[in-house]
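Architecture and fold: a report
What follows is the residue order along each chain.
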Amino acid sequence: MAATPDPASRSEREHDLVLLGATGFTGRLTAEYLARNAPAGLRWALAGRNPEKLAGVRADLAAIDPALAELPLVTADSGDAASLAALAGSTRVVITTVGPYLEHGEPLVAACAAAGTDYVDLTGEPEFVDRMYLAHHEAAERTGARIVHACGFDSIPHDLGAWYTVQQLQATGPVTVRGVVRASGTFSGGTFHSAMGATSRMKQTREAAKQRREVERRPEGRRSRAVAGKPHRDGELGYYLLPLPTLDPMVVARSGAALDSYGPDFRYSHYIGTRTLRYAVGGMAGLVGIGVAAQVPPVRNLLKSRIKQGEGPSPARREKSWFTVDFVGEGDGRTIHTRVSGGDPGYGETSKMLAESALCLLHDDNPTTAGCVTTAQAMGENLTARLMAAGIRFETVEGQREG
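Here goes a summary of the coordinates provided. (Residues numbered from 1 in each chain as written. Predicted model: local features only at pLDDT ≥ 70, side-chain atom pairs only at ≥ 80, totals over all residues. Heavy atoms only, no water.)

Backbone torsion omega between G99 and P100 reads -5 degrees, so that peptide bond is classified as cis. Mapped onto the elements of the fold, P100 is located in the loop between β4 (91–96) and α5 (101–104). The residue after D154, namely S155, is reached through a cis peptide bond having omega 5 degrees. You can see S155 is positioned in the loop between β6 (146–148) and α8 (156–169). (Helix = DSSP H or I, 4+ residues; strand = E, 2+ residues; numbered from the N terminus.)

This part is about the packing of aromatic side chains. This model, assessed by the stated rule, comprises five aromatic pairs. When the ring of Y262 is compared with that of F266, the centres are 4.9 Å apart and the planes differ by 90 degrees; the resulting orientation is edge-to-face. F266 carries the same exposure label as Y262, and that label is buried. Here R212 stacks its cationic end above the ring of Y133, 4.1 Å away from the centre of that ring. Its end group placed over the ring of Y240, R233 keeps NZ or CZ at 5.9 Å from the ring centre. (Phe/Tyr/Trp six-rings, centres within 6.5 Å; stacked < 30°, edge-to-face > 60°. Buried < 20%, exposed > 50% of the residue type's maximum accessible area, 1.4 Å probe, protein only. Lys NZ or Arg CZ within 6 Å of the ring centre and 35° of its normal.)

Glancing now at the side chain of T91. Inspection of the secondary structure puts T91 in strand β4. Take T91: its relative accessible area is 0%, and that puts it in the buried class. Separated by 3.5 Å, the side chain of T91 and the backbone oxygen of H15 make a polar contact. Here V93 takes part through its backbone oxygen, which lies 3.1 Å from a polar atom of the side chain of T91. Among residues more than four places away in sequence, those in contact with T91 are R13, H15, D16, L17, V18 and T117. (Polar contact = N/O pair within 3.5 Å; in protein donor to acceptor, adjacent residues only side chain to side chain. Contact = heavy atoms within 4.5 Å.)

These figures capture arrangement, not role.
Shown next, in the form of C-alpha cells:
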C-alpha cells in the first residue's frame, strides 16, 4: 500500500499548479484566465508536447502580464507515462484540457493518483469517469489525491446548483430537485470529437457504469439517485422539458450520496428547456440524429473530419453566448426555485470554472476528501463562493413556499 505523502512535501514541490494542454482552444483560454486572475506568488507552469507552441502561448500571456515572460514550460505527452509521472511529481495540482479523455486521459489520472497530486479536468465523458473510478480511486484515496472530473460546464453549474438548492431548502425529509438547462453557445472541435466518441460507445458506457455500481460504496441509511424524466411541459418554469442524457445527473447523484445535507432520499432529474413546443420537437430530433450518426462509423468519421480539434468559436460569438440552469427543489412540503447563470458556457465560463477549481483545491480550507470526488463533495461552499466572486450567479429566484 502506498504511503500518504506528507503535506509539507507537497508544498515543497517545484510548482503549485501545472496546466497541461495549454496550446489547445480551451487550454489557452484557461491560461489567459490564470494570467489575469491567479494570486500573486502562484508558482505555475504550462505543459504540453510541443515546446515551440508552448513558448508561443507564453509570449501571448506575457502581453497580459510581463512577469509571465519567464513562466516555466514543461514538456509532457499524454502517451509518455514517464513524462506524466515527472509532471505529477513536480506539482500540487494538475489541470488538464487534453481530450477526448477516453483516448488521452488515463495515464495522467494514474500518475496523479500515485503521486498524491490533485487533478481537475473538464470531461463530459461518463465512461471515462467511471473507468477512472474503477482503476484509480483506491490509489488516490491512499495517497490523498483528489481526482475531480467535470470541472467545466459539465458539470459545475448543475452539481453546485443542486448543492446550492439543497442548502437553501434545508429539508429534513426526502428531497427532489430538477435542473433545467437553457443556453446559447457554440461548441469547439475538441468538444464535438469527445461527444461523438462518447455517444458511439453506449454499450461500453453502460458496462462501465454497471461495474462501478457493483463496487462503489453506498451511504448507510440514505440513498441518492438520478431519475430519468419524461418530456413534458413544466408548469412551474413554463418551459417544455426534454430529458438530457449527459454526465451531469450522475455527478449530482454522487454528490447527494456523499453529503448528508441532501437528506435521506435524494432524487435529481436533468432536462433541457425550450419556450415552445416546436423547439422541443426540433431538439429531440437533433439529439436522435446525433445519436444515430455516432453509431455509423463512416458518418461519424466524416463529421469529425469536417470539424477540426483545436478550433472553436470566435471572441465575438463567445461574447454573445449565455447559459441558465433553473432548479426546482421540493422537500418537507416546501418548494424553492433557484438559478445558476453566466456567459459563454462552453469556453469563457468553462475556463473560469476549471481554473477556479484548481485554485480552490490549492488555497481554500476544504473538507477532507480523497479519491475520485465531485466538486460539491470536495469544495462545494468554497468553490461556489469563488465562482460568484468571478461573476457566475447563484441566486434564489423564488423563495420557499408551502405545498
